[in-house]
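The primary structure of each chain is shown beneath.
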Amino acid sequence: MTTALFPDLVVNGELVPHAVVAAEVQNHAAPKGKPGIAWRKAANAIAMRTLLLQEARRQGIGAAPAEVGPGRFETEEEALIRGLLDAAVAAEPPTEDEIRAEWARDPSRFRAPPLWEVSHILCACDPRDAAEKEAALARARAVLAELAARPGDFARAAASHSDCGSKSSGGALGQLGPGDTVPEFEAVLRGLGEGETTAEPVLSRHGWHIIRMDAVATGAVLPFETVRPKIAAALEKAAWAREARSFADRLLASAEISGADLRQA
């Protein structure tokens, strides 16, 4: 990307190096062949970060980098922004009436995890190997064609064709819950009805799967007392986000920025 094609980013008289914006571009999606869109998104993000850092320094905020994971710490700039927001943004905790009203809008949203009884046939491959991936897909489609002709032969087809150890039990994986399998496999389970088999092979990091949903046990609706802490935390988080946005808007209202347009972001 030729950064000379893009305008300088200046925030309250502070010139931001093109290299800083260019490094941020990788974090922003844009249609192929339209690098200007990614650049504008990156410029907006860097402009907001610069504005927050300027305000943190103006207020004399001091914050040591916190550990955000095993052996991983914030950068100094991340610590400054966190310190600023901790000092400037406060959200009132939700009232008991607000928590109960959120629950009452639709108690069925708050359920115990579902259980899925699942069988599958795996045509294993390394998805990073294009040739191997295509060969495994062809195998999986051939198995699907067999099942279309004889839907009751899933267990036999699994025993004959599956590359998973479950082939010895006709492809049965038993009962699964959320988190028990890889995300790409679980995403399909959430959309399958009882007795349904995937119409097309499903790709995961292990290869191509043909998945059959043998039974579904929908999680029971949880009582208010059980989900109250989760609802309260979600409402407080949403309130904090609104207050943080309001604080940022106040900074923007008095800022002089060229090379970005956060008021349209």
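Refer to the preceding data block for the structure.
Residues numbered from 1 in each chain as written. Predicted model: local features only at pLDDT ≥ 70, side-chain atom pairs only at ≥ 80, totals over all residues. Heavy atoms only, no water.

J.: Describe the overall build of the protein, listing the residues and the values that go with them.
T.: Broken down by element type, the protein carries 8 helices and 9 strands. Taken over C-alpha atoms, the radius of gyration comes to 26 Å for the protein, far larger than the 18 Å a tight globule of 265 residues would show. Overall size of the protein, expressed as C-alpha extent along the three principal axes, is 70 × 55 × 35 Å. By residue count, 35% of the 265 residues in the protein fall in the buried class. Sequence separation of 24 or more characterises 63% of the internal contacts of the protein that already satisfy a separation of 6 or more. Only carbon and sulfur atoms are counted for the fraction: they give 54% of the accessible area of the protein, which is about 15,300 Å². Within the protein, one finds 30 positive and 37 negative side-chain charges whose respective centroids are separated by 3 Å. (Helix = DSSP H or I, 4+ residues; strand = E, 2+ residues; numbered from the N terminus. Rg over C-alpha atoms; globule rule 2.2 N^0.38 Å. Buried < 20%, exposed > 50% of the residue type's maximum accessible area, 1.4 Å probe, protein only. Contact = heavy atoms within 4.5 Å. Areas by Shrake-Rupley, 256 points an atom, 1.4 Å probe, with all protein chains shown as cover. Lys, Arg positive; Asp, Glu negative; His and termini not counted. Charge placed at Lys NZ, Arg CZ, Asp CG, Glu CD.)

J.: Tell me about the environment of Ala140, residues and numbers included.
T.: Among the structural elements, Ala140 can be located in helix 5 (residues 130–149). As a C-alpha pair, Ala140 and Arg156 span 16 residues in sequence and 15 Å in three-dimensional space. Apart from the residues lying within four places of it in its own chain, the contact partners of Ala140 are Cys123, Pro201, Trp208 and Ile210.

J.: Go over the environment of Ser162, please, and point to the residues and values.
T.: Mapped onto the elements, Ser162 comes out in the loop between helix 6 (154–161) and strand 6 (172–176). For Ser162, a relative accessible area of 2% corresponds to the buried category. It is 54 Å that separates the C-alpha atoms of Ser162 and Asp97, two residues lying 65 residues apart in sequence. Ignoring any residue separated from it by four or fewer positions in sequence, one finds Ser162 in contact with His120, Ile121, Leu122, Ala157 and Lys167. Within the structure, Ser162 has its side chain in polar contact with the backbone nitrogen of Leu122 (distance 3.1 Å). Within polar-contact distance, the side chain of Ser162 engages the backbone nitrogen of Cys164 at 3.2 Å. (Polar contact = N/O pair within 3.5 Å; in protein donor to acceptor, adjacent residues only side chain to side chain.)

J.: If you had to explain the sheet that holds strand 1 (residues 9–11) to someone new, which residues and values would you point to?
T.: Strand order across the open sheet formed by 3 strands is 2-1-9, with antiparallel pairing between neighbours. Of all strands in the sheet, those with a lone pairing partner are strand 2 (14–16) and strand 9 (257–258), marking the two edges. Bridge count for strand 1 against strand 9 is 2 bridges, and the pairing is antiparallel. Counted as the bridge partner of Val10 is Ser258 from strand 9. (Pairing = 2+ DSSP bridges.)

J.: Can you lay out the sheet that holds strand 8 (residues 207–217) for me, pointing to particular residues and giving the numbers?
T.: Taken together, 4 strands build an open sheet; the order of strands is 6-5-8-7 and the sheet is antiparallel. The open sheet has two free edges, formed respectively by strand 6 and strand 7 (202–204), since each of these has just one partner strand. Across the sheet, the mean angle from the axis of one strand to that of its neighbour is 40 degrees, orientation sign disregarded. Pairing analysis gives 3 bridges linking strand 7 to strand 8, with the strands arranged antiparallel. If you follow Leu203 over to strand 8, its bridge partner there is Trp208. Helix-sheet contacts for helix 5 involve strand 5 (115–124), strand 7 and strand 8, and the interaxial angle to strand 8 is about 45 degrees. Across the sheet, helix 6 is in contact with strand 5 and strand 8; its angle to strand 5 comes to roughly 40 degrees. (Axes fitted to C-alpha atoms, helices over the stretch in contact; angles between N-to-C directions.)

J.: Can you tell me about the nonpolar core, naming the residues and giving the values?
T.: The biggest cluster of nonpolar side chains holds 32 residues, and the ones touching the most others in it are Leu9, Val21 and Ile257. When residues of this core are traced back to their parent elements, those giving at least two are strand 1, helix 1 (18–25), helix 2 (35–58), helix 3 (76–88) and helix 8 (224–253). Ranked by residue count, the leading element in this core is helix 2, at 11 residues. When residues no more than four places from it in sequence are discounted, the contact partners of Leu9 are Glu14, Leu15, Val16, Val21, Ala43, Ile46, Ala47, Ile257, Ser258, Gly259 and Ala260. By size, the runner-up hydrophobic cluster in this structure holds 10 residues, among which are Val118, Leu176, Val182 and Met213. (Core = buried A, V, L, I, M, F, W, Y, C linked by side-chain atoms within 4.5 Å.)

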